[in-house]
Amino acid sequence: MQTKSSTPESESNGQSTAATAVPAPSGVAGEFQNFIADVEDLIKATTSMTGADLTQASAKLGKRVAAARKSVEGIGVAIAEQARSTAKTTDSYVHEHPWQSVGIGAALGLLLGVTLARRR
């Protein structure tokens, strides 16, 4: 829940400059940063909370955890779909160009062998 302001800020010499625009994180990184910010806010607020406020804060945190879990599961599904698509494309290419695929595999094997041999 922390946001960056793009309004001018004062520097020590009295001049105003625009704050550096930081792109908002997206996907898992953004969800994780938002989650951490919410947890930090809750930790700061719990020192002065009573029973009812603490119960409400706990419910809010539970909702955030559920939302973060759902977001991570969605990312996992997207990664699995991308992997399936890549596998289908590779399978199709190998069936259409078998000898080129064998050549590519041999070249990669040779490159890997040379790289591993130099490490010893």
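Residues numbered from 1 in each chain as written. Predicted model: local features only at pLDDT ≥ 70, side-chain atom pairs only at ≥ 80, totals over all residues. Heavy atoms only, no water.

Visitor: It is not clear to me how the overall build of the protein chain should be interpreted in this structure. Could you clarify?
Guide: Each helix and strand counted, the protein chain has 3 helices and 2 strands in total. Of the regular secondary structure in the protein chain, the N- to C-terminal order runs β-β-α-α-α. Taking all 120 residues of the protein chain together, 9% fall into the buried category. (Helix = DSSP H or I, 4+ residues; strand = E, 2+ residues; numbered from the N terminus. Buried < 20%, exposed > 50% of the residue type's maximum accessible area, 1.4 Å probe, protein only.)

Visitor: Teacher, can you tell me more about the packing of helix 2 (residues 51–96) against helix 3 (residues 98–119) here?
Guide: Helix-helix packing: each pair is described by the crossing angle between the helix axes and the interaxial distance. In contact at an axis separation of 5 Å, helix 2 and helix 3 are set at 110° when each is read in the N-to-C sense. Here helix 2 is positioned roughly perpendicular relative to helix 3, judged by the angle of their axes. Where helix 2 approaches helix 3, its residues Tyr93, Val94, His95 and Glu96 are matched on the opposing element by Pro98, Gln100, Ser101 and Ile104. (Axes fitted to C-alpha atoms, helices over the stretch in contact; angles between N-to-C directions. Parallel < 35°, antiparallel > 145°, perpendicular 65-115°, else oblique. Contact = heavy atoms within 4.5 Å.)

Visitor: Can you help me understand a nonpolar patch on the surface in this one?
Guide: Residues Tyr93, Val94, Ile104, Leu108 and Leu111 make up a contiguous nonpolar surface patch of about 460 Å² in total accessible area. Those elements that place two or more of their residues in the nonpolar patch are helix 2 and helix 3. Counting residues per element, the nonpolar patch draws most heavily on helix 3, which supplies 3 residues. Tracing the backbone shows Val94 in helix 2. (Patch = residues over 30% accessible without salt bridge, like charges linked within 9 Å, V, L, I, M, F, W, Y side chains within 5 Å. Areas by Shrake-Rupley, 256 points an atom, 1.4 Å probe, with all protein chains shown as cover. Salt bridge = Lys/Arg side-chain N within 4 Å of Asp/Glu carboxyl O.)

Visitor: Explain the confidence of the model for the protein chain to me, please; I cannot follow it from the model alone.
Guide: Note: predicted coordinates in regions of low pLDDT should not be interpreted at a detailed level. The predicted model of the protein chain has a mean per-residue pLDDT of 75, with 77% of residues at 70 or higher. Looking over the protein chain, one finds the lowest element-wise mean pLDDT in strand 1 (residues 8–10), namely 40, and the highest in helix 3, namely 94. A low-confidence stretch, residues 1–25 stays under pLDDT 50, and its non-local contacts, those more than four residues away or across chains, total 21 contacts. (pLDDT = per-residue confidence, 0-100.)

Visitor: Whenever I open this one, helix 2 confuses me. Can you help?
Guide: Side chains three or four residues apart in an α-helix point the same way, a direct result of the helix having 3.6 residues per turn. Counted at 1.5 Å a residue, the expected span for helix 2 with its 46 residues is 68 Å, and the 68 Å between its end C-alpha atoms agrees. Among all positions of helix 2, only Ala57, Arg64 and Ala68 are buried. (Expected span 1.5 Å × (residues − 1).)

Visitor: Before we go on, may I ask you to explain the side chain of Ser101 in this structure?
Guide: On the secondary structure map, Ser101 appears in helix 3. In this structure, Ser101 is in contact with Tyr93 and Val94, ignoring residues within four places of it in sequence.

Visitor: What am I meant to see in the environment of Tyr93 here?
Guide: Tracing the backbone through its elements, the reader meets Tyr93 in helix 2. Apart from the residues within four sequence positions on either side, Tyr93 is in contact with Gln100, Ser101 and Ile104. Within the structure, Tyr93 has its side chain in polar contact with the side chain of Gln100 (distance 3.0 Å). (Polar contact = N/O pair within 3.5 Å; in protein donor to acceptor, adjacent residues only side chain to side chain.)

Visitor: Just to check I follow, could you spell out the environment of Arg64 for this structure?
Guide: Mapped onto the secondary structure, Arg64 falls in helix 2. With 30 residues separating them along the chain, Arg64 and Asn34 place their C-alpha atoms 9.2 Å apart. Setting aside residues no more than four positions away along its own chain, Arg64 makes contact with Glu31, Asn34, Phe35 and Asp38.

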